[in-house]
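Remarks on the overall topology
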Amino acid sequence: MKGRRRKKAKTSDIVLLVMGLFIAAFIVTMIVTFWVKGSVPDTLIRYTLGAGSVEAMLTAGIKISKVRAGDNPGESEEPYE
């Protein structure tokens, strides 16, 4: 197992992880706010989740364009022997 290398994280994976953690923390914060205040700021929720979905759509668009262009630097055209 000494010869195994750890796969380097891609930027898109890191961005999606950060967005997922942010959304999870935001949802927990909104639940606590509801328990304490008895109401939730609907506008803040709408715009925060909307911005997250726009970011996810842009990341998906980048990934799709890379796949269509064949831009995969980790792949070689010849199979391993």
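Every chain is numbered independently, its residues counted from 1 as its sequence is written. Per-residue local features are limited, in this predicted model, to residues with pLDDT of at least 70; the limit for side-chain atom pairs, both in listing and counting, is 80 or more; totals at the level of whole chains, interfaces and linings are taken over all residues. Heavy atoms from the whole structure form the basis of all side-chain values; hydrogens and water molecules are not counted.

Taking 1.5 Å per residue, 27 residues should reach 39 Å; helix H1 (residues 11-37) reaches 38 Å between its end C-alpha atoms and fits that length. Just past H1, the residue Gly 38 takes up positive phi, approximately 85°. Put simply, DSSP H or I for four residues or longer makes a helix, DSSP E for two residues or longer makes a strand, and each gets a number counted from the N terminus. Given a helix with a known number of residues, its expected span is that number minus one, times 1.5 Å.

Once that is clear, we can look at the packing of aromatic side chains. Centres within 6.5 Å make a pair out of two Phe, Tyr or Trp rings, where for Trp the six-membered ring is used; the pair is then stacked when the planes are under 30 degrees apart, edge-to-face when over 60, and tilted otherwise. Applying the stated rule across the entire model yields 1 aromatic pair. Aromatic pair Phe 22 and Phe 26: ring centres 6.2 Å apart, planes at 25°, arrangement stacked. You can see Phe 22 and its partner Phe 26 sitting in helix H1, 4 residues apart, about one turn around the helix. Here's how the labels work: a residue is buried when its accessible area is under 20% of the maximum for its type, exposed when over 50%, partly exposed in between, all with a 1.4 Å probe on protein chains only. Note on Phe 22: relative accessible area 43%, which makes it partly exposed. When the ring centre of Tyr 47 is taken as origin, the NZ or CZ atom of Arg 46, which lies over that ring, is 5.9 Å away. By definition here, charges over rings are those cases where NZ of Lys or CZ of Arg is within 6 Å of the ring centre and within 35 degrees of the ring normal.

With that settled, consider the side chain of Glu 55. For Glu 55, the position within the fold is in helix H2 (residues 42-69). By the counting scheme adopted, Arg and Lys are positive, Glu and Asp are negative, and His together with the chain ends is not counted. A pairing counts as a salt bridge when a side-chain nitrogen of Lys or Arg comes within 4 Å of a carboxyl oxygen of Asp or Glu. One buried charged side chain, Glu 55, makes no salt bridge at all; its nearest oppositely charged neighbour is Lys 66, positioned 12 Å away.

Our next topic: the confidence of the model for the chain. On average, residues of the chain score 77 in pLDDT, and 78% of them reach the 70 mark or higher. For every residue, the predictor reports its confidence as pLDDT, a number between 0 and 100. Residue contacts are counted whenever heavy atoms from the two residues lie within 4.5 Å of one another. A low-confidence stretch, residues 76-81 (pLDDT under 50), is modelled with 0 contacts involving residues beyond four sequence positions or located in other chains.

A few words now on the environment of Ile 23. Tracing the chain through its elements places Ile 23 in helix H1. The partly exposed category is assigned to Ile 23, whose relative accessible area is 21%. Taking the C-alpha atoms as reference points, Ile 23 and Gly 52, 29 residues apart in sequence, are found 7.9 Å from one another.

Once that is clear, we can look at the packing of H1 against H2. In this description, a line fitted to the C-alpha atoms serves as the axis of each element, helices being fitted only across the stretch in contact, and the angle between N-to-C directions of two axes falls anywhere from 0 to 180 degrees. Running from N to C, H1 and H2 cross one another at 165°; their axes reach a closest spacing of 11 Å. Classified by the interaxial angle, the pair formed by H1 and H2 is roughly antiparallel. Between H1 and H2 lies a crossing of left-handed hand. Here Ser 12, Val 15, Leu 16, Met 19, Phe 22, Ile 23, Phe 26 and Met 30 of H1 come into contact with H2, specifically with Leu 44, Ile 45, Thr 48, Leu 49, Gly 52, Glu 55 and Thr 59. In terms of residue class, the contact of H1 with H2 is made up of 10 nonpolar, 4 polar and 1 charged. Small angles under 35 degrees read as roughly parallel and large ones over 145 as roughly antiparallel, with 65 to 115 read as roughly perpendicular and the rest as oblique. The sense of a crossing depends on the near helix, which, turned anticlockwise from the far helix by less than a right angle, makes the crossing left-handed and, turned clockwise, makes it right-handed. Polarity classes work like this: nonpolar for Ala, Val, Leu, Ile, Met, Phe, Trp, Tyr, Cys and Pro, charged for Asp, Glu, Lys and Arg, and polar for all others, with Gly in that last group.

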